[in-house]
Amino acid sequence: MNARRQVAAVVFLVIGIAPLTAQPRASAWHGRAQALVRADSIDAALRTLTAEVRVAGTPAQTRTAAWVIGRFRQWGVAADSDVYEVWLPHARRAALRWRGAWLPLAEPPLPGDTQTALPAYPSAAGYSAPGGVRAPVVYVHFGLPEDYRRLDSLGVDVRGRIVLVRYGRAFRGIKVREAERRGAAAVLLYSDPQEDGNARGPVVPVGPWRPPQSLQRGSVYNGAGDPTTPFRPSRPGTRRAPLDSAEVPRLPVLVLPATAARALLADLGGPEAPRDWQGALDAPYRLGPSADSAEVVVEDDRDARPWKRVVNTLARFPGRAYPREQVLLGAHRDAWGPGAADNASGTAVVMEVGRVLARLWRAGWRPARTVVLATWDAEEWGLIGSTEFVEGDSAALFRHAVAYLNLDVVATGASFGAGGDPVLRPLLRSAAARVPAPTGGGSLLALWQRQTGQRQPPMEDPGGGSDFEPFYNHLGIPHLDWGFAGPYGVYHSRYDTYDWLRRFGDPDLERHVAAARLGLELVLALADTAVWPYDFGELARTVAGEIESLARAAPTLALGPLRAALDTLRAADQAFRAATARPLRGAAAQARVNAELLAAQRQFVRPEGLPGAPWTRSLLFAADPDNGYATLALPGVRLALRRGDAVAAQRELDDLAMRLRAAAAALRRASAALRRPTPPRRAGPSSRP
Ligand SMILES: [Zn+2]
């Protein structure tokens, strides 16, 4: 039990009239919850979800929403759909002709795995432009700015040409943006075996890696949410931005298996590619341009039926003491194929948490705060379902959401990992200490410690790439995510099936069980703990590390005021911890303490957003706009440095120091509220989105 849980346990005993005391102690519910998790019910959900290809906007994917809602209602839980109308053109045809022949792009079904024969989405990227292009081909390595600088130095121009780009290093949307900026006519994204194929190990069906006929689908849209409704929910009939202002590619983008890339490379010609640009294909890696033209064709339904229904599901356990305060757990339900690991796994775990909470509810459990269990649609196209939900309710979420927990790809192997906002990391570690490891022999925390060789296993900083982005990057709501990773070669292919998951990802489903138990521990702690379990000591340590890394990167920056502000925050955190060691003076004091904790945590959200990126409001971590997946710590400062604007960087540092001092002041008020029986004034967050 950590310090905060002790506080919670004390509060249950002390507040004689508070609704919390009507319950057994939190720990009793925790133990019952863990014991109720069942592999067979997770298995049933996985089988049902993977029985169809769940591409957003298709009737099959809409049916899965009805099924999820039906399950929750069978368990006696209030559940509903949350529907949006989104600009989401679907590809109808994707083809590539080379030297007189149409290259095979479809992934062949595997004998013995019927899910690999389900209808497949064409080999075009999500949000590819339609069109037909005939042009010579140039190989551009990962297609990142440094690669184009190298091509410039070698005298290779990509204007008007088709670029062949390897997957890896950055989000595919960034690769397409860079190609478009340089005047390319079309983009071919391919999976090199060095990335996730036979250069890594045995391929499907023998091993978990990508076979050469397999391809990685995916969206090439760099924004979040419906491209026609920035900052607003895309309800039917809402005002739309003109389509020509949408931040989507203007050129066709195909996704290729290694076999097609090999056919192109075999006859590309031109100078040899630099040695470090060579991949693992059995072909000469030359830069081109090819003497022959390739022909790229993408056809879609944007003229006939570009608007699609996107359907989230929301299940609610209403809070008894603080119904407006929310704890959210979510996973995306859509996929590019059968999507077993990505993300039937996360959806099944959210549903298992719901099934168990429903059992607790029937046994008398009533959460202090409202618990919301969500499955999101159209994550794969640009976090669309979750973003529209957040944009539709941003003021209430900003003021009342305690945490957002995200599950995306729960089990592709044995290595446990987790990430999230520093203020919640100690909560996750203490929860992991109470969950048995899937392998037996101790707790999940102990397994994690053994696997990382560290007493306090490192956790990933928030970045980009899943549904936590609208919650954290846009509103600053702290989030956590977790899962078990391994060799995952079938990402976004039709081979990400139930069979793959049971053979390679999680043979006994024990990792799914552990992920669900951890989810229950976190939800119960967040929903019932008297004092919001935010840890500003961990936040101060994390920011201190980032400041030292800034000091090395930019020695001329004046970091003194920032270090002093951090000291202030550390001192306030220590005083707060000392104050929480004593019992709370009543429900009013508890509400005031939590209001001040909210005010402290939301200090690091700037309503007007980052310069040039107004949707991104979190000032501690954001997705790197030049990578898409990677994390950018202190993004305001680092983006200013990247622009070469030292004055703006210093202004951002001063702003951060001011916010750290304001967070410390809120913590001091929280400590005071713990000491005083009757607070003199109301507190609230100092900024709103
Ligand atoms: Zn996913």
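Residues numbered from 1 in each chain as written. Predicted model: local features only at pLDDT ≥ 70, side-chain atom pairs only at ≥ 80, totals over all residues. Heavy atoms only, no water.

**Details of the overall build of the protein**
- Looking only at helices and strands, one finds 21 helices and 17 strands in the protein.
- Since a compact globule built from 689 residues should have a radius of gyration of about 26 Å, the 25 Å found for the protein is in line with a globular shape.
- Over its C-alpha atoms, taken along the principal directions, the protein stretches across nearly 80 × 60 × 55 Å.
- Across the 689 residues of the protein, 62% fall into the buried class.
- Excluding contacts between residues fewer than 6 apart, the proportion of contacts in the protein whose partners are at least 24 apart in sequence is 80%.
- When the accessible surface of the protein is split by element, carbon and sulfur atoms take 52% of a total near 24,300 Å². (Helix = DSSP H or I, 4+ residues; strand = E, 2+ residues; numbered from the N terminus. Rg over C-alpha atoms; globule rule 2.2 N^0.38 Å. Buried < 20%, exposed > 50% of the residue type's maximum accessible area, 1.4 Å probe, protein only. Contact = heavy atoms within 4.5 Å. Areas by Shrake-Rupley, 256 points an atom, 1.4 Å probe, with all protein chains shown as cover.)

**What to know about the sheet that holds strand S7 (residues 186-190)**
- Sheet architecture is open: 4 strands sit in the order S5-S6-S7-S8, paired in parallel fashion. Both outer strands of the open sheet, strand S5 (137-139) and strand S8 (253-256), are each paired with one neighbouring strand and no more. Each neighbouring strand pair of the sheet contributes to a mean axis angle of 25°, computed without reference to strand direction.
- Alignment of strand S6 (residues 162-166) against S7, held across 5 bridges, turns out to be parallel. (Pairing = 2+ DSSP bridges. Axes fitted to C-alpha atoms, helices over the stretch in contact; angles between N-to-C directions.)

**Section: the side chain of Asp226**
- Structurally, Asp226 can be placed in the loop between helix H7 (193-196) and S8.
- On the accessibility criterion, Asp226 (2% relative accessible area) is buried.
- Of the polar contacts made by the side chain of Asp226, one reaches the backbone nitrogen of Trp87; its length is 3.4 Å.
- Aside from chain neighbours lying at most four places away, what touches Asp226 is Glu85, Val86, Trp87, Tyr221, Ser234, Arg240, Ile384 and Glu388. (Polar contact = N/O pair within 3.5 Å; in protein donor to acceptor, adjacent residues only side chain to side chain.)

**Observations concerning the coordination of the zinc ion**
- Protein-derived ligands of the zinc ion are His332 (NE2), Asp342 (OD), Asp408 (OD) and Asp408 (OD), with the metal-ligand distances lying across 2.0 to 2.8 Å.
- Here the donor residues for the zinc ion map to a single chain with the spacing H-x9-D-x65-D. Taken together, the residues span a long stretch of sequence, with Asp342 in helix H9 (residues 340-362) and Asp408 in the loop between strand S13 (401-406) and strand S14 (415-420) at a distance of 66 residues.
- Using a relative accessible area of 4% as the deciding quantity, one classes Asp342 as buried.
- Using a relative accessible area of 21% as the deciding quantity, one classes Asp408 as partly exposed. (Donors = N, O, S within 2.8 Å, 3.2 Å for Na, K, Ca; no water.)

**Concerning the nonpolar core**
- Core analysis: the biggest nonpolar cluster contains 127 residues, and Leu357, Leu373, Trp482 and Leu518 have the highest contact counts within it.
- Here this core takes 13 residues from helix H21 (residues 646-675), the largest share from any one element.
- Looking at which domains feed residues into this core, each of domain 1 (3-88 + 307-528) and domain 3 (536-675) supplies at least three.
- When neighbours within four sequence positions are excluded, Leu357 is seen to be in contact with Phe317, Trp365, Val371, Leu373, Leu520, Val523 and Leu524. (Core = buried A, V, L, I, M, F, W, Y, C linked by side-chain atoms within 4.5 Å. Domains from an automatic or database assignment.)

**Quick look at the packing of aromatic side chains**
- Evaluated as defined, the whole model comprises 24 aromatic pairs.
- An angle of 75° between the planes, with centres 5.5 Å apart, marks the rings of Phe171 and Tyr629 as edge-to-face. Residue Phe171 is located in the loop between S6 and helix H6 (172-181), and its partner Tyr629 is located in the loop between strand S16 (621-623) and strand S17 (631-633); the two are separated by 458 residues in the primary sequence.
- Take Phe171: its relative accessible area is 14%, and that puts it in the buried class.
- Its relative accessible area of 35% is what places Tyr629 among the partly exposed residues. (Phe/Tyr/Trp six-rings, centres within 6.5 Å; stacked < 30°, edge-to-face > 60°.)

**Quick word on the packing of helix H20 (residues 635-642) against H21**
- The N-to-C vectors of H20 and H21 enclose an angle of 170°; their axes lie 8 Å apart at closest approach. Overall, the two elements H20 and H21 adopt an arrangement that is roughly antiparallel. Across the interface between the two elements, Gly636, Val637, Ala640 and Leu641 from H20 touch Ala648, Ala649, Glu652, Leu653 and Leu656 from H21.
- Classifying every residue of the contact of H20 with H21 gives 7 nonpolar, 1 polar and 1 charged. (Parallel < 35°, antiparallel > 145°, perpendicular 65-115°, else oblique. Nonpolar A, V, L, I, M, F, W, Y, C, P; charged D, E, K, R; others polar.)

**Side note on the pairing of strand S10 (residues 307-317)**
- Of all 11 residues in S10, 8 are buried, a share of seventy percent or more.
- Two elements, strand S1 (residues 78-87) and S10, share 10 bridges in a ladder whose sense is antiparallel. Its bridge partner lying in S10, Trp87 is registered against Trp307.
- Two strands pair when backbone bridges link them, and S10 and strand S12 (residues 369-376) are joined in this way by 5 bridges, in the antiparallel orientation. Note on S12: the bridge partner recorded for Phe317 is Val371.

**Here's the deal with the domain arrangement of the protein**
- Along its sequence, the protein is carved into domain 1 (3-88 + 307-528), domain 2 (101-300) and domain 3 (536-675).
- Computed from C-alpha coordinates alone, the two centres of domain 2 and domain 3 are separated by 39 Å.
- On the domain 3 side, the residues contacting the 8 residues of domain 2 number 8 residues.
- Between domain 2 and domain 3 the total buried area reaches about 700 Å² when both faces are included, carbon and sulfur atoms providing 58% of it.
- The tally of links from domain 2 across to domain 3 stands at 1 salt bridge.
- Here Asp626 ties to Arg177 by a salt bridge, and the two come within 3.2 Å at their closest N and O atoms. (Buried area = accessible area lost by both parts, 1.4 Å probe. Salt bridge = Lys/Arg side-chain N within 4 Å of Asp/Glu carboxyl O.)

**Description of the packing of helix H10 (residues 384-392) against helix H14 (residues 468-475)**
- Their axes nearest at 8 Å, the elements H10 and H14 cross at an angle of 45°. Judged by the inter-axis angle, H10 sits oblique to H14. Within the contact between the two elements, H10 uses Ser386, Thr387, Phe389, Val390 and Glu391 and H14 uses Pro470, Phe471, His474 and Leu475.

**Considering unusual backbone geometry**
- The linkage connecting Gly288 with the following residue, Pro289, adopts the cis geometry, with an omega of 0°.
- Relative to the helices and strands, Pro289 resides in the loop between helix H8 (258-266) and strand S9 (294-300).
- With an omega dihedral of 5°, the bond running from Asp342 to Asn343 counts as a cis peptide bond.
- When you line up the elements, Asn343 lands in helix H9.
- At Arg99, a position not held by glycine, the phi torsion is positive, near 50°.

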